[in-house]
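Descriptive structure summary
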Amino acid sequence: MPNSYFQNYIPVLVMLGVVAFLAGAMLVLSYLLGQRRPSREKLAPYECGITPTGDARQRFSVKFYLVAMVFILFDVEVIFLYPWAVIFRELKLFGFVEMLLFILLVAAGFAYLWKKGILDWTKSDSGEFG
Amino acid sequence: MESNLQLWLIPTVPLLGALWNGLWGKRSSERAVASVAVGAVAVSFLLALRAFFALGDAPYLESYFSWIAAASFQAHFNFYLDPLSAVMALIVTGVGLLIHIYAVGYMSQEGGYYRFFCYMNLFLFFMLTLVLAGNYLLMFVGWEGVGLCSYLLIGFYFRREDAADAGKKAFITTRLGDFGFLIALLMIYSTFESLNYSEVLPAAASLPVESTAGPLTVICLLLLVGAAGKSAQVPLYVWLPDAMLGPTPVSALIHAATMVTAGVYIIARSSALYVHAPQALFMVALVGGITAFYAATIGIVQTDIKRILAYSTISQIGYMVMACGVAAFSAAIFHLMTHAFFKALLFLGAGSVIHALGGEQDIRKMGGLRHYLPRTYWSFLIACLAIAALPPFSGFFSKDPILWEAYVSPYGGILFWLLGILTAGITSFYIFRLFFLTFHGHSKTAVATSSGIHVAEPAHHGVPHESPPIMTWPLMILAALSLAGGWVGIPALWRGGDHWNLFLAPAFRLAALPTEHAVSHDAATEIIFTLASILVSVAGIALAYLLYCRRPELAAAAAARLRGLHTLVLNKYYVDEIYRSLFVQPLVVVSRELLWKGMDAAAIDGSFQGLANRTRRLGDRVRRMQSGNIRSYAGWVVLGAILLISFMVGLAS
Amino acid sequence: MPAWNLTAILPEAILTVVGIVVMLLGSFSSQNQDRGCRTVTLMGLAGATVAVVAQRQHQGAFFDGMFLVDPFGIFFHLLFFLIAALVVLSSADYLQAEKLTVGEFYTLLLFGTVGMGLMASANDLILSFIGLEISSLASYVLVGFRRGVASSSESALKYFLLGSFATAFFLYGIALLFGATGSTRLTQIQEILRNVSGRATAGAAGTVLLPTPSTLSSLAQGPEQFPTALLGLAASLLFVGLAFKVSAAPFQVWTPDVYQGAPTPVTAFLSTGPKAAAFAVFLRVFLVGLEQTADQWSALLWVSAALSMFIGNLAALWQSNMKRLLAYSSIAHAGYMLVAFTAHSVDGTSAVLFYLVAYAVMNLGAFLVVTHLGNRGERYVEMDDYAGLGYRSPLLAACLTIFLLSLIGIPLTGGFLGKFYVFRSALQADLIGLTILSVVNSAIAAYYYLRVMVAMYMNAPERPVPLEPVSSSVGVTLFICAGGTLWLGVFPQSILRLAENAAQWLLGAG
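No experiment lies behind these values; they were computed from the predicted model shown.

1. As for the overall build of chain B
Across its full length, chain B holds 27 helices and 2 strands. Counting the 653 residues in chain B, one finds 56% classified as buried. Pairs at least 24 apart in sequence give 80% of the contacts found in chain B among residues at least 6 apart.

Shown next as structure tokens:
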């Protein structure tokens with residue numbers, strides 16, 4: 001019966017409602033009750049107590065993105081290793097070979113990146129991936 | 001079946017000539033190019049002659065290899081020789097040979113000599129494939145190929161914008177017809193499970209006559225659409241007059257003698273289908289009759305020598321189609337042959353005149369050329385008498401059976417006879433108008449040249465001069481054929497042997513009228529009809545003589561009196577304009593205004609390129625590139641998806 | 001998982017390994033690695049082809065029925081490898097002239113081909129989707145391969161954003177189809193829907209038959225009623241995603257921009273390879289999975305086919321840029337193929353397959369001439385630059401003429417027979433209106449192809465266009481394409497038989 005199936009989710013729905021109400025109430029109450037005396041200092045963006053210098057929207061070197069992307073790739077690889085390790089014994093040789101292939105594939109990619117100089121932070125921006 | 005005739009050589013030799021000239025012609029001398037091209041056609045002609053004499057009673061079939069052998073569809077490369085295709089092959093190679101020889105002289109003043117002969121030989125290859133093909137699909141190969149060559153040759157004078165446009169117009173108009181043919185072909189296959197003549201025609205002959213429109217009628221009507229496109233019949237005739245912008249030998253070969261008669265050939269070839277679909281046959285006769293009459297009326301007032309001949313061609317082909325429509329197939333092919341002779345002669349003669357006058361084509365500016373161009377004059381006169389159908393010229397013997405059949409055939413009637421005889425009168429009038437204005441009267445060109453009004457063209461040497469022998473010899477041979485070509489078909493009535501009909505009879509055996517009404521007419525009736533048609537022809541000539549030789553002022557007066565009608569006909573009944581606003585203009589508007597300016601140009605403008613041209617501000621540029629255009633594209637996708645989904649869901653509920 | 005299952009994906013495996021090798025070769029070896037990379041790539045493709053041919057002996061369903069080795073898949077695999085090899089051969093000069101990194105280009109091409117192969121063989125919508133994404137990601141990068149050129153990057157960005165948008169539709173369609181039937185396996189979906197509709201008709205007849213356990217034992221229990229609305233929704237969403245990939249109207253908007261901006265060899269690849277792969281999925285999904293709802297979606301195909309032809313052909317009339325012109329022509333040709341698709345028959349399907357081969361050969365050839373003439377930086381891609389080509393380089397012009405004639409559909413070329421089969425199948429399926437529309441369209445289309453020919457043979461050049469000598473690899477590719485176009489027109493049997501076989505299998509097996 002679909003009805004009973006959806007009934008299982010009613011607590012979640014209740015939870016959602018409570019959360020929404022609570023957050024909304026906090027915002028509305030502080031808006032209604034709080035005092036506002038804005039000044040230049042107060043309106044400035046908060047940067048750990050230091051006086052802000054320049055625009056917050058800066059151009060980042062593309063290297064940050066590259067490194068971030070490479071990190072995610074290898075991160076995902078590691079995530080694959082966990083479940084594999086759990087059932088490693090059951091998979092026997094087949095599992096071992098499979099994982100070996102997988103690691104080899106990623107390693108080939110890694111070698112490629114290395115050769116292309118992605119990991120070389122000091123390389124000038126005009127390089128292959130600049 | 002043994003293949004000892006090697007029919008495939010007949011089209012292949014011109015193809016080799018075309019390849020040779022296409023690859024090495026640029027570096028060869030004009031002489032070498034000409035001898036390769038003419039030689040190839042000559043060999044082809046001899047081979048066709050051999051095939052002609054080897055002709056037996058039964059159709060002769062040569063099959064080379066299987067082209068398409070899918071489970072559900074089969075077609076072969078095979079050639080089919082019967083009296084019909086043999087005669088066609090002879091006409092194509094014979095007239096083609098004469099025109100090639102003529103062109104050796106005619107084209108020597110123009111550029112692109114090798115290119116011209118390459119295309120001409122290529123044309124012959126496709127034309128011979130068309131007539132010799134043993135099945136409809138292979139015929140379609142030739143059919144499309146000749147269209148392509150015609151396009152290339154119309155646009156031969158490539159520096160002229162109008163010539164290129166005319167080429168495109170011809171290609172696209174005939175292509176509309178071609179698809180009629182293509183669909184007919186598919187329907188033939190689904191009806192008969194074959195495309196070979198040797199299977200389709202007997203199968204069709206064994207079917208009952210369709211009293212109401214059935215598959216045969218549909219096939220025949222579609223074939224008629226194809227024929228109307230290629231043979232310039234109403235309503236798809238508009239391309240042929242424009243096609244006259246090509247070189248004159250091309251007009252003679254392609255747009256008069258051979259390619260444009262392909263429509264007649266296909267109807268005659270499918271005669272077994274047509275006689276079983278009387279409604280389609282009636283439409284054929286109607287289209288032919290109307291075209292014959294209609295084009296002839298336009299011919300009366302035109303002033304460009306080649307355009308008059310173009311309308312005359314349309315009109316004469318209308319005659320042939322009408323003959324097919326009254327099931328007088330052998331008469332149609334007879335007229336096709338004699339027409340090939342005299343119309344090629346007319347065009348080549350016109351070419352000679354144009355050549356002599358340095359490119360002048362307006363007959364009002366001609367006159368008195370009789371003395372300058374004696375050989376052209378006499379051959380032209382024979383051609384005019386032939387087309388005017390006076391005995392004993394060939395046109396008489398081929399046109400008379402058509403008129404007679406139009407009246408007596410169970411598919412004909414007095415209406416078609418009337419259309420035919422009126423057209424005959426008009427034909428002899430306009431052709432002699434052309435003749436008298438060109439060759440008689442005062443010489444207007446010489447005056448114009450001496451007074452310097454006329455812009456002198458390169459080949460213009462003041463006094464008109466006769467063409468070189470290489471151009472006049474083909475004229476004389478064609479003149480002999482125009483005179484004597486009809487004698488092979490002198491009917492029994494005139495104490496002839498009726499050889500033509502007997503010879504072609506095997507080709508049309510399957511088209512024997514299933515319900516022979518056999519309305520017998522005595523010889524006296526036939527003689528009266530013949531006398532009437534001669535009388536009409538003579539009247540036409542006499543009128544032309546009166547108006548353009550004796551009393552030229554009368555012609556002008558008549559034109560002034562009938563100003564409205566005259567303007568209407570002069571502008572070809574405004575059909576071009578009507579077509580443009582009905583069919584071309586809407587397409588252009590949708591294409592240019594909506595799709596191009598609206599979507600495409602806007603897209604280019606909104607994209608990087610367009611913006612780069614307008615604003616040079618870097619930051620702005622990149623930002624807009626990312627936001628503006630893609631968003632609108634995504635919008636299109638969403639819009640399409642919403643329409644689609646609502647359509648589907650609407651359908652479901 | 002038994003090891004012999006791996007033979008099923010052997011071609012893909014070979015290409016993946018070779019792709020990685022080429023990638024490493026390109027980055028590790030010193031300067032002159034072009035030739036080496038090209039050789040390895042071609043050898044890899046040859047190896048994969050051999051593997052596919054060998055697979056004909058080991059047909060069947062693998063990986064729990066997710067992956068099919070059948071005539072249909074084999075046909076497409078061979079087509080993809082041919083396309084990839086021709087693109088590899090034809091791009092050599094281009095990459096050198098544009099100073100692009102050869103190894104990565106070939107690697108991406110190979111990975112794209114792997115994705116296409118998966119698409120052609122997938123019997124599971126999830127696998128189709130993964131294949132689609134693999135091939136799409138490779139194409140996104142390839143489109144933006146001329147990184148220094150703004151228009152190329154712009155194209156890549158557009159293609160990426162719109163492409164991911166469209167695949168999202170596809171994914172949503174998969175989800176709904178799963179919701180409606182409880183399966184993502186196409187053959188299972190087919191069976192479930194057959195059972196359900198069988199039950200529905202039986203129910204309409206008055207007796208409510210419950211499915212016996214034997215008929216539905218191995219299958220997921222189908223829904224009680226025929227989920228028409230849900231299936232319609234799913235079909236239209238799947239349609240959006242796939243129509244986008246084959247650039248059929250009304251989802252064709254991206255095509256001209258992307259084709260124009262992409263490097264020309266990539267455009268050649270896009271217009272043939274991924275398009276064919278998307279057609280493979282299209283055919284499998286609609287003719288197998290959604291077979292039961294044919295009367296719903298055939299209307300969709302009808303409209304889309306007609307729109308594609310008209311938009312493609314009419315918009316092409318005024319183009320002056322060759323790449324844009326061929327882009328619109330590509331939309332129109334997708335329309336012709338959809339016409340045959342709409343016929344929903346063995347003949348129609350084999351017509352689509354044959355058309356894809358003919359189109360691949362002629363279009364790759366046409367783009368190759370455009371690439372060659374474009375010269376460094378693709379400077380000469382306007383139609384005016386083709387003026388007088390017939391005299392300056394008769395052979396090149398002759399090749400382009402063959403391709404254009406084939407695109408028009410003149411007999412003795414592959415394009416003619418392709419159109420011929422399309423019209424035939426449409427006529428046999430009684431799609432008379434659609435046949436007439438496509439006939440009218442192919443008459444209109446002649447006009448803009450003729451414009452190119454007019455320019456080549458009948459116009460005088462307006463500005464000096466330098467003409468590079470034709471290198472051997474370009475020459476070989478041109479020869480293969482031109483020869484192939486004519487070969488398909490004169491001796492079409494072998495390909496036709498393969499196509500017919502594949503089509504029969506696809507429609508008969510389910």
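After presenting the structure, the write-up continues.
2. Thoughts on the overall build of chain C
Each helix and strand counted, chain C has 20 helices and 2 strands in total. Its C-alpha radius of gyration of 23 Å places chain C within 12% of the 24 Å reference for a compact globule of 510 residues. Dimensions of chain C, computed from the C-alpha atoms along their principal axes, are close to 80 × 55 × 40 Å. Within chain C, the fraction of its 510 residues that count as buried is 65%. Contacts in chain C between residues at least 24 apart in sequence constitute 79% of all its contacts with a sequence separation of at least 6.

3. Comments concerning the interface of chain B and chain C
Listed per partner, the contact involves 49 residues of chain B and 56 residues of chain C. Counting residues per element, the ones that place at least two in the side of chain B that touches chain C are β1 (60-70), α5 (136-154), α6 (161-192), α25 (575-606), α26 (608-614) and α27 (618-652) of chain B. Per-element tally for the side of chain B that touches chain C: the top contributor is α27 of chain B, with 14 residues. When the residues that make up the side of chain B that touches chain C are grouped by side-chain class, the tally is 35 nonpolar, 9 polar and 5 charged.

4. Notes on the interface of chain C and chain A
Accessible area lost when the parts come together is the quantity often used to give the size of an interface. At the interface, 5 residues of chain C touch 6 residues of chain A. A per-class count over the side of chain C that touches chain A returns 4 nonpolar, 1 polar and no charged.

5. Concerning the nonpolar core
Counting residues in hydrophobic clusters, the biggest one holds 450 residues, and the most contacted among them are F123, L185, A332 and A344 of chain B together with A340, Y355 and L356 of chain C. No other element matches helix α14 (residues 346-374) of chain C, which puts 20 residues into this core. Residue assignment places this core across two domains, with domain 1 (159-569) and domain 2 (574-652) of chain B each supplying three or more. If near-sequence neighbours (up to four positions away) are discounted, Y355 of chain C is found in contact with Y336, M337, A340, G418 and V422 of chain C.

6. Some remarks on the environment of K323 of chain C
Looking at the secondary structure, you find K323 of chain C in helix α13 (residues 322-343). With residues near it in sequence (within four places) discarded, K323 of chain C still touches Y259, Q260, T264, T267, V370 and V381 of chain C.

7. What about the packing of α14 of chain C against helix α16 (residues 394-408) of chain C?
Residues and elements named next belong to chain C. The geometry of α14 relative to α16 is characterised by a closest axis approach of 9 Å and an angle of 140° between their N-to-C directions. Comparing the axis directions of α14 and α16 gives the class oblique. The element α14 and its partner α16 pack so that their crossing is left-handed. Only L396, C399, L400, F403, L404, S406 and L407 of α16 make contact with α14, whose side of the interface consists of M362, G365, A366 and V369. Here the residues of the contact of α14 with α16 sort into 9 nonpolar, 2 polar and no charged.

8. Focus: the environment of M139 of chain B
Residue and element names in this part refer to chain B. With respect to the helices and strands, the residue M139 is situated in helix α5. Under the C-beta neighbour-count criterion, M139 is labelled buried, with 25 such atoms within 10 Å. A sequence separation of 242 residues divides M139 from L381, and the C-alpha atoms of the two residues are 36 Å apart. Ignoring sequence-local partners within four residues, the contact set of M139 consists of L130 and A133.

9. A look at the packing of helix α17 (residues 394-408) of chain B against helix α18 (residues 414-439) of chain B
Residues and elements named next belong to chain B. At a closest axis distance of 7 Å, the pairing of α17 and α18 adopts a crossing angle of 155°. Taken together, the axes of α17 and α18 are roughly antiparallel relative to one another. Two secondary-structure elements touch here, α17 through K399, I402, L403, A406 and Y407 and α18 through I414, F416, W417, G420, I421 and A424. Classifying every residue of the contact of α17 with α18 by side-chain character gives 9 nonpolar, 1 polar and 1 charged.

10. Section: unusual backbone geometry
Backbone torsion omega between P391 of chain B and P392 of chain B reads 5°, so that peptide bond is classified as cis. Among the structural elements, P392 of chain B can be located in the loop between α16 (374-387) and α17. The peptide bond linking A249 of chain C to P250 of chain C adopts the cis configuration, its omega dihedral lying at 0°. Following the sequence through the fold, P250 of chain C ends up in the loop between α9 (228-245) and α10 (254-261).

11. Side note on the environment of C399 of chain C
Residues and elements named next belong to chain C. With respect to the helices and strands, the residue C399 is situated in helix α16. Taking the C-alpha atoms as reference points, C399 and V369, 30 residues apart in sequence, are found 8.1 Å from one another. Look past the residues within four positions of C399 in its chain and what remains in contact with it is G365, V369, L478 and A482.

12. A look at the confidence of the model for chain C
Residues and elements named next belong to chain C. Within chain C, residue pLDDT values average 87, and 93% of them lie at 70 or more. For chain C, helix α8 (residues 213-216) is the element with the lowest average pLDDT, namely 42, and helix α5 (residues 125-143) is the one with the highest, namely 95. The ipTM for the predicted assembly is 0.80, set against a pTM of 0.85.

13. Regarding helix α15 (residues 329-356) of chain B
All names here are of chain B. Taking 1.5 Å of rise per residue, 28 residues should cover 40 Å, and α15 covers 40 Å from first to last C-alpha, within 8% of that figure. Of all bends in α15, the biggest is about 25°, found at H339. Taken across its 28 residues, α15 has 27 buried, putting it largely inside the fold.

14. So, the confidence of the model for chain B
Looking at chain B as a whole, the pLDDT averages 82, with 87% of positions reaching at least 70. Confidence over residues 447-461 of chain B falls short of pLDDT 50; this stretch has 12 contacts with residues more than four positions distant or in other chains.

15. A short note on the pairing of strand β2 (residues 73-81) of chain B
Residue and element names in this part refer to chain B. Most of β2 is tucked away: 7 of the 9 residues are buried. Both β1 and β2 contribute to a ladder of 9 bridges, which runs antiparallel. The partner of I68 across the bridge, within β2, is A75.

The rules behind the values
- Residues numbered from 1 in each chain as written.
- Chains lettered and ligands numbered in written order.
- Predicted model: local features only at pLDDT ≥ 70, side-chain atom pairs only at ≥ 80, totals over all residues.
- Helix = DSSP H or I, 4+ residues; strand = E, 2+ residues; numbered from the N terminus.
- Buried ≥ 20, exposed ≤ 12 C-beta atoms within 10 Å, placed from the backbone.
- Contact = placed C-beta atoms within 7 Å.
- Rg over C-alpha atoms; globule rule 2.2 N^0.38 Å.
- Nonpolar A, V, L, I, M, F, W, Y, C, P; charged D, E, K, R; others polar.
- Core = buried A, V, L, I, M, F, W, Y, C linked by C-beta atoms within 7 Å.
- Domains from an automatic or database assignment.
- Axes fitted to C-alpha atoms, helices over the stretch in contact; angles between N-to-C directions.
- Parallel < 35°, antiparallel > 145°, perpendicular 65-115°, else oblique.
- Left-handed = near helix turned anticlockwise from the far one by under 90°.
- pLDDT = per-residue confidence, 0-100.
- Expected span 1.5 Å × (residues − 1).
- Bend = angle between axes of the 7 residues up to and from the residue.
- Pairing = 2+ DSSP bridges.

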